[in-house]
Amino acid sequence: RGYSGRKIWLQMLVAHHRRHLAGRRLLQAWRNRVCDRVVKQVEEATECMDLASVLEGESTGELLAATAALHSRLASLEEEAKALRQQRQALREEAQDLRRWTMVGMMRQVASKVFGEGCMEEEEDDEDAAA
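Residues numbered from 1 in each chain as written. Predicted model: local features only at pLDDT ≥ 70, side-chain atom pairs only at ≥ 80, totals over all residues. Heavy atoms only, no water.

A. Quick peek at the pattern of salt bridges. Taken as a whole and assessed by the stated rule, the structure comprises four salt bridges. Residue Asp97 pairs with Arg100 through a salt bridge whose shortest N-O separation is 3.9 Å. Remark: Arg100 and Asp97 occur in helix H3 (residues 60-100); sequence separation between them is three residues, near one turn of the helix. Each of Arg37, Glu58 and Glu62 takes part in a single network of salt bridges with overlapping partners. (Salt bridge = Lys/Arg side-chain N within 4 Å of Asp/Glu carboxyl O. Helix = DSSP H or I, 4+ residues; strand = E, 2+ residues; numbered from the N terminus.)

B. Highlighting the nonpolar core. The biggest cluster of nonpolar side chains holds six residues, and these are Val34, Cys35, Val38, Ala65, Ala66 and Ala69. Looking at this core, the elements with two or more residues in it are helix H1 (3-48) and H3. With sequence-adjacent residues up to four places away left out, Cys35 is seen in contact with Ala66, Ala69, Leu70 and Arg73. (Core = buried A, V, L, I, M, F, W, Y, C linked by side-chain atoms within 4.5 Å. Buried < 20%, exposed > 50% of the residue type's maximum accessible area, 1.4 Å probe, protein only. Contact = heavy atoms within 4.5 Å.)

C. Spotlight on the side chain of Ser112. Locating Ser112 in the fold gives a position in helix H4 (residues 103-115). Note on Ser112: relative accessible area 12%, which makes it buried. A distance of 2.7 Å separates a polar side-chain atom of Ser112 from the backbone oxygen of Gln109. (Polar contact = N/O pair within 3.5 Å; in protein donor to acceptor, adjacent residues only side chain to side chain.)

D. Quick peek at H3. Here H3 spans 60 Å end to end across 41 residues, near enough to the 60 Å set by a 1.5 Å rise per residue. Turning to H3, its buried residues number three or more, namely Ala65, Ala66 and Ala69. (Expected span 1.5 Å × (residues − 1).)

E. H4, seen in detail. Across its 13 residues, H4 extends 18 Å between first and last C-alpha, which sits within 8% of the 18 Å expected from 1.5 Å per residue. What H4 keeps buried is the set Gly105, Ala111 and Ser112. Across the axial projection of H4, the buried residues extend over an arc of 120°, all falling on one side. In this structure, H4 carries Met103, Met107, Val110, Lys113 and Val114 as exposed residues pointing more than 90 degrees from its buried face. Just past H4, the residue Gly116 takes up positive phi, approximately 105°. (Arc of directions from axis to C-beta.)

Worth remembering: the numbers are spatial, not functional.
As structure tokens, this is what we get:
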């Protein structure tokens, strides 16, 4: 293999990868369309008729596609929820740090040094419960 052989091999590898990704995108788009259609039918069915009769009209492949699409949506929502929890925790820590630099926070720090940590814990617990 020379330079041209490696270049051709790389081009073939890139083309194969592109075809693979295109197929996955088409499959995901089809699953989402089927899922949206099935969910809409289920929502309409709860208003007027039996849910089982609506789902019996769908093919097995369409139901599996809808299930896969719902699983992927659930996974993305779980990731988003995890990111939001982490952001909330970071904001709480930042708020805690900023509270220390208010007049009341600085007075508490001085009081905790003078009187000890024991008397200050009760007030902090009361604040956490109120928030």
